[in-house]
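Fold and geometry: a report
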Amino acid sequence: MSQDHIIRSSEAPAPVGAYPHARRVGDFIFLSGVGPRKPGTNEIPGTRFDEDGNVVEYDIEAQTLSVFANVRSILEAAGAHWENIVDVTVFLTNMRCDFPVFNRLWHEHFGTINACRTTIEVGALPTPIAVELKVIAYVGS
């Protein structure tokens, strides 16, 4: 029987638009873009803002680890696991500065699952974040 359903996780930050956290179609789970915001808040780990709400500084390691935790929460809500990840698209707002740290964390967290990856630099993301992941997981036999 083919499964096709929407996944929402109370353990992940609310989407910033009219889309679900993920959607399962057959044996695949497609996650919407996942950022580092803390669940239940708009707090962005490791980010400091000025009085006008502009980013003054951010910690790409703190943001990346928070994204990984949010991805895990969504996968768990879908009945999947980290090891089910097969493909990831990474969006960074500063490739030159952030890629070395992101790449080290990738190796530490993804090194044994051999997920495919594409990393792209973008001018901005929908909220004042520096990293976002688009994930596909496979849960078939």
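For the structure, check the block above.
Report on the accompanying structure. (Residues numbered from 1 in each chain as written. Predicted model: local features only at pLDDT ≥ 70, side-chain atom pairs only at ≥ 80, totals over all residues. Heavy atoms only, no water.)

**Considering the overall build of the protein chain**
- Within the protein chain, the secondary structure is distributed over 2 helices and 8 strands.
- Order of helices (α) and strands (β) in the protein chain, N terminus to C terminus: β-β-β-β-β-α-β-α-β-β.
- Against the compact-globule benchmark of 14 Å for 141 residues, the protein chain has a radius of gyration of 15 Å, which places it among compact chains.
- On the principal axes, the C-alpha backbone points of the protein chain span a range of 55 × 30 × 20 Å.
- Accessible surface, the protein chain: about 7600 Å² in total, of which carbon and sulfur atoms supply 50%.
- Distance between charge centroids for the protein chain: 5 Å, based on 11 positive and 17 negative side chains. (Helix = DSSP H or I, 4+ residues; strand = E, 2+ residues; numbered from the N terminus. Rg over C-alpha atoms; globule rule 2.2 N^0.38 Å. Areas by Shrake-Rupley, 256 points an atom, 1.4 Å probe, with all protein chains shown as cover. Lys, Arg positive; Asp, Glu negative; His and termini not counted. Charge placed at Lys NZ, Arg CZ, Asp CG, Glu CD.)

**Considerations on the packing of aromatic side chains**
- In this structure the tally under the stated criterion is 8 aromatic pairs.
- Consider the rings of F68 and F102, whose centres lie 6.2 Å apart with planes at 70°: the pair is edge-to-face. Remark: F102 occurs in helix α2 (residues 95-110) and F68 occurs in helix α1 (residues 60-77); sequence separation between them is 34 residues. The pair F68 / F102 is uniform in exposure class, with both members buried.
- Centroid distance F102 to W106: 6.2 Å. Interplanar angle 35°. Geometry classified as tilted. Pair noted here: F102 and W106 are both in helix α2, with a separation of 4 residues, about one helical turn.
- Overall, the relative accessible area of 0% leaves F102 in the buried class.
- Grouped by ring-pair contacts, the aromatic residues F68, W82, F102, W106 and F110 constitute a single cluster. (Phe/Tyr/Trp six-rings, centres within 6.5 Å; stacked < 30°, edge-to-face > 60°. Buried < 20%, exposed > 50% of the residue type's maximum accessible area, 1.4 Å probe, protein only.)

**Here we look at a nonpolar patch on the surface**
- A contiguous nonpolar surface patch, about 280 Å² in accessible area, is contributed by V25, F28, F30 and V86.
- Within the element layout of this structure, F28 appears in strand β3 (residues 28-31).
- Of the residues examined, F28 reaches a relative accessible area of 35% and is grouped as partly exposed. (Patch = residues over 30% accessible without salt bridge, like charges linked within 9 Å, V, L, I, M, F, W, Y side chains within 5 Å. Salt bridge = Lys/Arg side-chain N within 4 Å of Asp/Glu carboxyl O.)

**A closer look at α1**
- The first and last C-alpha atoms of α1 sit 26 Å apart over 18 residues, in line with the 26 Å expected at 1.5 Å per residue.
- Where α1 begins, the capping side chain belongs to D59, and its oxygen is found 2.9 Å from the backbone nitrogen of E61.
- Downstream of α1 by one or two residues, G79 has phi in the positive range, about 80°. (Expected span 1.5 Å × (residues − 1). Polar contact = N/O pair within 3.5 Å; in protein donor to acceptor, adjacent residues only side chain to side chain.)

**Observations regarding the nonpolar core**
- Within the largest apolar cluster, 30 residues are counted, with the highest numbers of intra-cluster contacts made by L31, V71, I85, F110 and L133.
- Broken down by secondary-structure element, the contributors of at least two residues to this core are β3, α1, β6 (85-92), α2 and β8 (131-138).
- Among the elements that take part in this core, α1 stands out by supplying 6 residues, more than any other.
- Every residue in contact with F110, bar those within four places of it in the chain, is listed here: F68, W82, I85, V88 and A115. (Core = buried A, V, L, I, M, F, W, Y, C linked by side-chain atoms within 4.5 Å. Contact = heavy atoms within 4.5 Å.)

**Observations regarding the pattern of salt bridges**
- Tallying each qualifying case throughout the model produces 5 salt bridges.
- The residue R48 makes a salt bridge to E57 at a minimum N-O spacing of 3.1 Å.
- Of the residues examined, E57 reaches a relative accessible area of 44% and is grouped as partly exposed.
- Ionic pairing is found between R104 and E108, a salt bridge with its closest N-O pair at 3.2 Å. Taken together, the residues span about one helical turn, with R104 and E108 both in helix α2 at a distance of 4 residues.
- If you follow the salt bridges from partner to partner, you end up with E61, R104 and E108 in one network.

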